[in-house]
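Residue strings, one per chain:
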Amino acid sequence: MSASGSGNLLSSAVEGLVTQGWVCLEGFLREEEARALAAESLDAYESGDFRQAGVGRGAEITVRQDIRRDQVLWLEEAAAGPATRAYLARLEELRVAINRELFLGLFEFEGHFAVYPSGGFYKAHLDRHRGTADRVVTAILYLNDGWLPEHGGRLKIWTTPGEQEGPFELIEPRLGSLVVFLAGDFWHEVEVAHENRMSVTGWFRVRS
Ligand SMILES: O=C(O)CCC(=O)C(=O)O
Ligand SMILES: [Fe+2]
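Attention in this report is confined to the structure presented alongside it. Quick caveat, the model's predicted, so the values are computed rather than measured. (Residues numbered from 1 in each chain as written. Chains lettered and ligands numbered in written order. Predicted model: local features only at pLDDT ≥ 70, side-chain atom pairs only at ≥ 80, totals over all residues.)

## Notes on the sheet that holds strand β8 (residues 168–171)
Stage number 1. Reading across from one edge, β5-β10-β7-β8 is the order of the four strands in this open sheet, with antiparallel pairing throughout. Edge strands, defined here as strands with exactly one partner in the open sheet, are β5 (122–125) and β8. Taken pair by pair, the neighbouring strands of this sheet meet at an average axis angle of 10°, ignoring direction.
Stage number 2. Alignment of strand β7 (residues 155–158) against β8, held across four bridges, turns out to be antiparallel. Bridged to Ile-157 within β8 is Glu-169. (Pairing = 2+ DSSP bridges. Helix = DSSP H or I, 4+ residues; strand = E, 2+ residues; numbered from the N terminus. Axes fitted to C-alpha atoms, helices over the stretch in contact; angles between N-to-C directions.)

Written as structure tokens, this is what we have:
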């Protein structure tokens with residue numbers, strides 16, 4: 001993709017945040033970029049580097065398989081493969097673009113690979129931990145080539161800020177699609193997946 005093409009995608013992401021607080025962009029990564037990232041995630045998963053995801057924060061993190069059933073591997077720049085580093089660089093451009101338009105003062109990204117094995121899900125939640133406000137913007141990139149409707153695993157996002165009812169969107173976790181939203185505003189859940197469902201999920205944070 002040309003530089004202006006990827007610049008347009010960044011502008012669309014920012015515009016989506018400004019106008020409705022959330023946005024889904026298909027083809028945020030080119031297929032070959034997304035496939036390379038998926039391969040790095042799968043490699044680590046098959047090497048046993050992922051851990052059962054928890055709920056909560058810090059010393060209060062607990063595994064709650066009634067709430068979420070995915071496995072995660074936190075991203076570390078130093079240990080990351082080339083495709084992961086390239087994606088982190090893309091997110092850095094997005095962070096700067098968001099700050100330029102929205103003055104959010106986002107200062108870093110923290111994120112993880114996630115795999116929802118068949119039967120995996122994540123019940124409705126907000127991405128902000130109780131009593132904290134440091135996670136401001138959520139960004140989820142999907143890594144599933146050839147995902148079909150019968151594989152389930154859609155993201156359901158309620159589109160009225162603060163409401164876990166009313167209108168919603170259902171988003172299939174297709175290769176290269178990016179979803180961005182204001183972390184404290186939009187209730188969302190992951191429907192049961194019937195195939196391994198892969199993604200990179202993370203948050204742009206302000207200093208806490
Ligand atoms: O993978 C998704 O579609 C959403 C994941 C999610 O909500 C989370 O990890 O907080
Ligand atoms: Fe979430």
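## Topic: the nonpolar core
Note on soluble globular proteins: their nonpolar side chains tend to be buried together.
Stage number 1. Ranked by size, the top nonpolar core spans 46 residues in total, and within it Val-137, Leu-141, Leu-143 and Val-180 carry the most contacts.
Stage number 2. Of the residues forming this core, the biggest block, six residues, is contributed by strand β6 (residues 135–142).
Stage number 3. Setting aside anything within four residues of it in sequence, one finds Val-180 in contact with Ala-13, Gly-16, Leu-17, Trp-22, Val-23, Val-137, Thr-138 and Ala-139. (Core = buried A, V, L, I, M, F, W, Y, C linked by C-beta atoms within 7 Å. Buried ≥ 20, exposed ≤ 12 C-beta atoms within 10 Å, placed from the backbone. Contact = placed C-beta atoms within 7 Å.)

## Comments concerning the packing of helix α2 (residues 31–46) against helix α3 (residues 82–102)
Stage number 1. Where α2 meets α3, the axes come as close as 8 Å, and the angle between the chain directions of the two elements is 120°. Relative to α3, the element α2 lies oblique. The element α2 and its partner α3 pack so that their crossing is left-handed. For the pair formed by α2 and α3, the contact residues are Glu-33, Ala-36, Leu-37 and Glu-40 on the first element and Ala-83, Thr-84, Ala-86 and Tyr-87 on the second. (Parallel < 35°, antiparallel > 145°, perpendicular 65-115°, else oblique. Left-handed = near helix turned anticlockwise from the far one by under 90°.)

## Points about the site of ligand 1
Stage number 1. In the vicinity of ligand 1, the contacting residues are Ala-114, Tyr-122, Asp-127, Ile-140, Leu-155, His-188, Val-190, Ser-199 and Thr-201.
Stage number 2. Within the residue set of the shell around ligand 1, elements represented by two or more residues are β10 (188–190) and β11 (197–205).
Stage number 3. For the shell around ligand 1, the residue count by class is five nonpolar, three polar and one charged. (Near = placed C-beta within 6 Å. Nonpolar A, V, L, I, M, F, W, Y, C, P; charged D, E, K, R; others polar.)

## Overview of the sheet that holds β6
In a beta sheet, neighbouring strands are held together by backbone hydrogen bonds and run either parallel or antiparallel to one another.
Stage number 1. Here we have seven strands laid out as an open sheet, ordered β1-β9-β6-β11-β4-β3-β2, and antiparallel in their pairing. Each edge of the sheet is formed by a strand with only one pairing partner; in this case those strands are β1 (22–25) and β2 (51–52).
Stage number 2. As paired strands, β2 and strand β3 (residues 71–74) are joined by two bridges and run antiparallel to one another. Counterpart to Gln-52 in the pairing with β3 is Gln-71.

## Here's the deal with α2
Stage number 1. For α2, spanning 16 residues, the distance from its first C-alpha to its last is 22 Å, which sits close to the expected 22 Å at 1.5 Å a residue.
Stage number 2. Of the residues making up α2, those classed as buried are Ala-34, Leu-37, Ala-38, Glu-40 and Ser-41. Along the axis of α2, the buried residues cluster in a sector spanning 160°; they form a single face. Opposite the packed face of α2, turned more than 90 degrees from it, sit the exposed residues Glu-31, Glu-32, Asp-43 and Glu-46.
Stage number 3. Against the buried residues of α2 lie α3, β4 (108–116) and β11.
Stage number 4. Count one or two residues on from α2 and you reach Gly-48, which has phi positive near 80°. (Expected span 1.5 Å × (residues − 1). Arc of directions from axis to C-beta.)

## What to know about α3
Stage number 1. Under the 1.5 Å per step criterion, the end-to-end length of α3 is 30 Å for 21 residues, consistent within 8% with the ideal 30 Å.
Stage number 2. Of the residues making up α3, those classed as buried are Thr-84, Tyr-87, Leu-94 and Ile-98. Seen end-on, α3 carries its buried residues on one side only, within an arc spanning 75°. Facing away from the buried side of α3 by over 90 degrees, the exposed positions are Pro-82, Ala-89, Val-96 and Arg-100.
Stage number 3. Backbone geometry just after α3 places Phe-103 at a positive phi near 50°.

## Section: the pairing of β11
Stage number 1. Among the nine residues that make up β11, nine are buried, leaving the element largely enclosed by the rest of the structure.
Stage number 2. Residues Arg-197, Ser-199, Thr-201, Trp-203 and Arg-205 point to one face of β11 and Met-198, Val-200, Gly-202 and Phe-204 to the other, with burial holding for every one of them.
Stage number 3. The pairing of β4 with β11 spans nine bridges and is antiparallel. Following the sheet pairing, Glu-108 is matched in β11 by Arg-205.
Stage number 4. Here β6 pairs with β11 via seven bridges, running antiparallel. Bridge pairing links Thr-138 to Trp-203 in β11.

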